[in-house]
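Geometric and topological summary
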Amino acid sequence: MKITWLGQFGILLQTENTCLMVDPYLTDSIAEQSGPGFRRLVPLREEYLARKPEVILLSHDHTDHADLPSLHALLDTPQPAEVLAGANAWTKARTEVGGPHNYIRMVPGAEWSTRDLRIRAVPAIHSDPTAIGFVVRAEGITLYITGDTLYSRELAKAVGEPVDILITVVNGMGNNMNGTDAARLAADLRARVTIPVHWGLFAKYADTPERFLQEAEHLGVAAYAAEIYETINSETLLEGQA
């Protein structure tokens, strides 16, 4: 499996048979709406907008996670895709993008099996009350993608299975857990390795993963801070983390 961080919580997962995207924010639409403080610090790469993923996951209805210009581009195809989303993001995508696609409204506990993937929705604690996270099982690897959320001891209980790769928010703003609490979550889960995301994209925020990385080291949690657009091989990432 190949994992590419697209910025914010955007993730591209490529298995042998499937292209999956999570929360793709692949435009500069927030800067156009809210001003230069939200201009991307990392330039757009048009090749990602040209992708046609078979599966898209939307954790919640905030523009940097359910960006309509990105979704219009990705879903501009007669080939039906599957879009799994929290309730508010589901309504937004289904009504404002539409097309021949299968829009699936996910709530915590719901599961969806497709192609070489098994996807389960888990709770998230965020300002969108219908926000969710995702547990994705593919090619023998379990990933937990937190989406935007505060820390809770209940999150690890809801995941309820061993996690190979945790992909977690760490920025500590906008009703999201900070680096210290993200490291606590990684320790709760005993995740083999954790990738911190949702930092470093917007000029308005001077967010970095350093607080998380320091606390992860203190707790003995294995972590890897990727660069935006970096592609990681899951097997390489997990080597030595057993």
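This text follows the structure it describes.
Notes on the structure follow. All of these numbers come straight from a predicted model, not from anything done at the bench. (Residues numbered from 1 in each chain as written. Predicted model: local features only at pLDDT ≥ 70, side-chain atom pairs only at ≥ 80, totals over all residues. Heavy atoms only, no water.)

**Focus on the pattern of salt bridges**
Counted according to the given criterion, the structure contains eight salt bridges. Two residues, Asp 61 and Lys 92, come together in a salt bridge whose shortest N-O distance is 3.1 Å. In this pair, Asp 61 is assigned in the loop between strand S4 (55–58) and helix H3 (68–74) and Lys 92 in helix H4 (residues 87–96), connecting sequence segments 31 residues apart. Between Glu 161 and Arg 120 there is a salt bridge, with its nearest N and O atoms 2.7 Å apart. Here the residue Glu 161 occupies a position in the loop between helix H5 (153–159) and strand S11 (165–169), and Arg 120 occupies one in strand S8 (residues 117–123), the gap between them amounting to 41 residues. Given a relative accessible area of 23%, Glu 161 falls into the partly exposed group. A relative accessible area of 11% means that Arg 120 is categorised as buried. (Salt bridge = Lys/Arg side-chain N within 4 Å of Asp/Glu carboxyl O. Helix = DSSP H or I, 4+ residues; strand = E, 2+ residues; numbered from the N terminus. Buried < 20%, exposed > 50% of the residue type's maximum accessible area, 1.4 Å probe, protein only.)

**What about the sheet that holds strand S12 (residues 193–197)?**
Ordered in space as S7-S8-S9-S10-S11-S12, the six strands form an open sheet in which the pairing is mixed. Strands with a single pairing partner mark the edges of an open sheet, and in this sheet they are strand S7 (111–114) and S12. For this sheet, the mean inter-axis angle between neighbouring strands, taken without regard to orientation, is 15°. The sheet contact formed by strand S10 (residues 141–145) and S11 spans three bridges and is parallel. (Pairing = 2+ DSSP bridges. Axes fitted to C-alpha atoms, helices over the stretch in contact; angles between N-to-C directions.)

**Focus: the sheet that holds S4**
The strands that make up a sheet pair up through hydrogen bonds in the backbone, lying either parallel or antiparallel. Pairing in this open sheet of seven strands is mixed, and the strands run S6-S5-S4-S3-S2-S1-S13 from one edge to the other. Only two strands of the sheet have a single neighbouring strand rather than two, namely strand S6 (102–105) and strand S13 (231–233). Direction aside, the axes of adjacent strands within the sheet are offset by 20° on average. Strands in contact with H4 are S4, strand S5 (82–85) and S6; relative to S6, the strand with the most contacts, it is inclined by about 160°. (Contact = heavy atoms within 4.5 Å.)

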